[in-house]
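One-letter residues, chain by chain:
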Amino acid sequence: MARQSRLGKGLDALIPPSESALSAGDVQQVAVEAIVPNPHQPRTHFAEEQLKELAESIKAHGVIQPLIVRPAEKGYTLIAGERRLQASKLAGLAQVPVVLREADAQQLVELALVENVQRADLSALESAEAYQQLHTEFGLSHEQIAERVGKSRVAVTNTIGLLDLSAAVKEALAQGRISEGHSRALKALDTAKAQGAALKTVIDQALNVRQTEELVRKLKGSKPAKAKKAAAAPEIEALQGQLRDALGTKVNLQHGAKGGRITLFYYSDEELNSLVDRLLDE
């Protein structure tokens, strides 16, 4: 059972696997002002402090990893390296090293998405917008998108589903007032009004994800889940939720005084491949 590549088909040729794969002739210096940002860049927020730190590093050592650009009518269009471009401007550089590549509109979206996803730079909503663009504009299935970004098909589908949330819930998620787990629970409510009312309760009472799921069940009139023999400690519940969100699959964390066990669930070979890649960080 072979594990899948992190880059989608055709993308490996555009981004070199390592700096050692580049020859001296591949890299050239171009004016910073001649580079136009990728119009399909999914990331809309860049932490100012991190950009300043990168700019200081660039002042001291230069741009270590070349930007990837494609020729445009006037100058160049950025394919990958948005943070490096912004930090180079902040550092006052007149020129930056680039590698020229040819890329179509779909590849511009995919490369910007892959670069950010692999660095965990995108918020859940930014990822959802990018996935949806690949699906609606370029006709990629959820499974094809998952293959390109190294995630499971279920994770891609669930992330795209966040776009169906009410405006209030999406705003709270973007601001970090609730987690992705909270938002998925609230999505089960049918109307924006119901989601908004539940959201207020979640924030006012600082409910965790499991408590939010219980609240939603009550609002929908569902029977409460059977009580377990012993409720898990809040910190264990929180950790289990973090693992579930990070891995994109169901996680069962059983913790005791002398240790415990973590059970990961998968429902296809594809999801197993994605889990193995994440756990081995390849």
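Residues numbered from 1 in each chain as written. Predicted model: local features only at pLDDT ≥ 70, side-chain atom pairs only at ≥ 80, totals over all residues. Heavy atoms only, no water.

## Focus: the overall build of the protein chain
A tally of regular secondary structure across the protein chain gives 12 helices and 7 strands. Counting every position in the protein chain, which comprises 282 residues, the buried fraction comes to 41%. Here the analysis covers contacts within the protein chain between residues at least 6 apart in sequence; of these, 68% occur between residues at least 24 apart. Approximately 15,700 Å² of the protein chain is accessible, and the part contributed by carbon and sulfur atoms is 51%. (Helix = DSSP H or I, 4+ residues; strand = E, 2+ residues; numbered from the N terminus. Buried < 20%, exposed > 50% of the residue type's maximum accessible area, 1.4 Å probe, protein only. Contact = heavy atoms within 4.5 Å. Areas by Shrake-Rupley, 256 points an atom, 1.4 Å probe, with all protein chains shown as cover.)

## Side note on the packing of helix α5 (residues 142-149) against helix α6 (residues 153-161)
For the pair α5 and α6, the least separation of the axes is 8 Å and the interaxial angle reads 110°. Taken together, the axes of α5 and α6 lie roughly perpendicular to each other. On α6, the residues that touch H142, E143, I145 and A146 of α5 are R153, V156, T157 and I160. For the contact of α5 with α6, the per-class residue count stands at 4 nonpolar, 2 polar and 2 charged. (Axes fitted to C-alpha atoms, helices over the stretch in contact; angles between N-to-C directions. Parallel < 35°, antiparallel > 145°, perpendicular 65-115°, else oblique. Nonpolar A, V, L, I, M, F, W, Y, C, P; charged D, E, K, R; others polar.)

## Description of α5
For α5, every residue scored as buried is listed here: I145, A146, R148 and V149. An end-on view of α5 places all buried positions within 165° of arc, on one side of the element. Positioned one or two residues after α5, G150 has a phi angle of 75°, which is positive. (Arc of directions from axis to C-beta.)

## Remarks on the pairing of strand β6 (residues 251-256)
Judged from the 6 bridges that link them, β6 and strand β7 (residues 259-264) form a sheet pairing that is antiparallel. Residue pairing in the sheet places N252 in a bridge with T263 of β7. Remark: 2 residues form the turn of the hairpin made by β6 and β7, two consecutive strands paired antiparallel. (Pairing = 2+ DSSP bridges.)

## What to know about the side chain of E180
Secondary-structure assignment places E180 in helix α8 (residues 180-186). In this structure E180 comes out as buried when scored by relative accessible area, which is 18%. A distance of 2.7 Å separates polar atoms of two side chains, one belonging to E180 and the other to R184. For E180, the contacting residues outside a window of four places in its chain are A124, T159, L162 and L173. (Polar contact = N/O pair within 3.5 Å; in protein donor to acceptor, adjacent residues only side chain to side chain.)

## So, the side chain of T212
You can see T212 is positioned in helix α10 (residues 209-219). A relative accessible area of 0% means that T212 is categorised as buried. Discounting chain neighbours no more than four positions away, the residues touching T212 are H182, A185, L186, V202 and L207.

## A look at the sheet that holds strand β1 (residues 27-31)
Across a sheet, strands are paired by hydrogen bonds formed along the backbone, either parallel or antiparallel in direction. The 5 strands are arranged β1-β5-β3-β4-β2 in an open sheet whose pairing can be described as mixed. Taken across any chain shown, the strands that pair with only one partner, and hence form the sheet edges, are β1 and β2 (35-36). Of the strand pairs in this sheet, strand β3 (residues 67-71) and strand β5 (residues 95-100) are connected by 3 bridges, and their pairing is parallel. Looking at β5, one finds that I68 is bridged to V99. Relative to the sheet, helix α2 (residues 82-90) contacts β2, β3, β4 (76-80) and β5, its axis offset from that of β4 by approximately 125°.

## Quick word on the packing of aromatic side chains
This model, assessed by the stated rule, comprises 0 aromatic pairs. The ring centre of F265 lies 4.6 Å from the NZ or CZ of K250, which sits over that ring. (Phe/Tyr/Trp six-rings, centres within 6.5 Å; stacked < 30°, edge-to-face > 60°. Lys NZ or Arg CZ within 6 Å of the ring centre and 35° of its normal.)

## Some thoughts on the pattern of salt bridges
Tallying each qualifying case throughout the model produces 5 salt bridges. Among the salt bridges present, the one from E56 reaches K59, with a minimum N-O distance of 3.6 Å. Of this pair, E56 and K59 both sit in helix α1 (residues 48-61), 3 residues apart, roughly one helical turn. (Salt bridge = Lys/Arg side-chain N within 4 Å of Asp/Glu carboxyl O.)

## A closer look at the confidence of the model for the protein chain
Per-residue confidence for the protein chain averages 79 on the pLDDT scale, and 80% of its residues sit at or above 70. Put simply, helix α3 (residues 105-118) is where the protein chain has its lowest mean pLDDT, 68, and helix α9 (residues 192-204) is where it has its highest, 94. Taken as a whole, residues 1-21 scores under 50 in pLDDT and shows 50 contacts with residues more than four places along the chain or in a different chain. (pLDDT = per-residue confidence, 0-100.)

## Structural notes on the environment of A103
Topologically, A103 is positioned in the loop between β5 and α3. Assessed through its relative accessible area of 9%, A103 is described here as buried. Separated by 34 residues in sequence, A103 and V69 place their C-alpha atoms 8.8 Å apart.

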